[in-house]
Amino acid sequence: MTRELDHYPSRAAQALVLLHDREMRGFLEVWRQAEAANVCLPATSNPHYQSLEHLLWHVLNSSGQYLVRMCAHLGLPDPQPEAVPGIEDLQSQAGAYLERLLRW
């Protein structure tokens, strides 16, 4: 990651941004490995864990909401993340969506 972080009010805020970026990229890599290995999640009534695709949608959506909350706490403008792609398109669009989200 080579983005300029000078606009954050503290090094702590910079650290949170970098940590979020690293962990989301790591999650997507592990998710892709799980998908390639045909991992099946255990049965549950929680709709966010019905499938690997639902889990991916949930994590990407939560990532966007985290950015919104973090910006609000830091007095930064609302990043207004775009909606997460639908489950049917998510596998092919997840990487590009995450890049746009983390670019903010």
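First things first, this report covers the structure right here in the doc. Not measured: the values here are computed from a predicted model. (Residues numbered from 1 in each chain as written. Predicted model: local features only at pLDDT ≥ 70, side-chain atom pairs only at ≥ 80, totals over all residues. Heavy atoms only, no water.)

1. A look at the overall build of the protein chain
In step 1: When helices and strands are counted, the protein chain shows three helices and zero strands.
In step 2: Along its sequence from the N terminus, the protein chain presents helices and strands in the succession α-α-α.
In step 3: Overall, the protein chain is about 45 × 25 × 20 Å in size when its C-alpha atoms are taken along their principal axes.
In step 4: Taking as baseline every contact in the protein chain between residues at least 6 positions apart, the subset at least 24 positions apart corresponds to 56%.
In step 5: Of the roughly 6600 Å² of accessible surface on the protein chain, 54% is carried by carbon and sulfur atoms. (Helix = DSSP H or I, 4+ residues; strand = E, 2+ residues; numbered from the N terminus. Contact = heavy atoms within 4.5 Å. Areas by Shrake-Rupley, 256 points an atom, 1.4 Å probe, with all protein chains shown as cover.)

2. Examining the packing of helix H1 (residues 11-36) against helix H2 (residues 52-74)
Between two packed helices, both the angle of their axes relative to each other and the distance between the axes serve to describe the pair.
In step 1: Their axes nearest at 11 Å, the elements H1 and H2 cross at an angle of 175 degrees. Regarding the angle of H1 to H2, the classification is roughly antiparallel. Residue-level inspection shows Ala13, Leu16, Val17, His20, Met24, Phe27, Leu28, Trp31, Ala34 and Glu35 of H1 in contact with H2, the latter providing Leu52, Glu53, Leu55, Leu56, Val59, Leu60, Ser63, Tyr66, Leu67, Met70 and Leu74.
In step 2: For the contact of H1 with H2, the class distribution of residues is 17 nonpolar, two polar and two charged. (Axes fitted to C-alpha atoms, helices over the stretch in contact; angles between N-to-C directions. Parallel < 35°, antiparallel > 145°, perpendicular 65-115°, else oblique. Nonpolar A, V, L, I, M, F, W, Y, C, P; charged D, E, K, R; others polar.)

3. Here's the deal with the nonpolar core
Soluble globular proteins tend to bury their nonpolar side chains together.
In step 1: In terms of nonpolar packing, the biggest core is built from 19 residues, with Met24, Leu56, Leu60, Leu90, Ala94 and Leu98 touching the most fellow members.
In step 2: Contributions of two or more residues to this core are made by H1, H2 and helix H3 (87-103).
In step 3: Looking at this core element by element, the count peaks at seven residues for H2.
In step 4: Setting aside residues up to four positions removed in sequence, leucine 56 forms contacts with Phe27, Leu28, Trp31, Leu90 and Ala94. (Core = buried A, V, L, I, M, F, W, Y, C linked by side-chain atoms within 4.5 Å. Buried < 20%, exposed > 50% of the residue type's maximum accessible area, 1.4 Å probe, protein only.)

4. Quick word on the side chain of serine 63
In step 1: Here serine 63 shows up in helix H2.
In step 2: Given a relative accessible area of 2%, serine 63 falls into the buried group.
In step 3: Each residue touching serine 63, except ones within four places of it in the same chain, is listed here: His20, Met24 and Leu101.

5. Description of H1
In step 1: If you check H1, its first and last C-alpha atoms are 38 Å apart, about what 26 residues at 1.5 Å a residue would give, namely 38 Å.
In step 2: Among the residues of H1, those classed as buried are Ala13, Gln14, Val17, His20, Asp21, Met24, Leu28, Trp31 and Ala34.
In step 3: Structurally, H1 contributes buried residues whose contacts are with H2 and H3.
In step 4: Remark: asparagine 38 follows H1 within two positions and exhibits a positive phi of approximately 55 degrees. (Expected span 1.5 Å × (residues − 1).)

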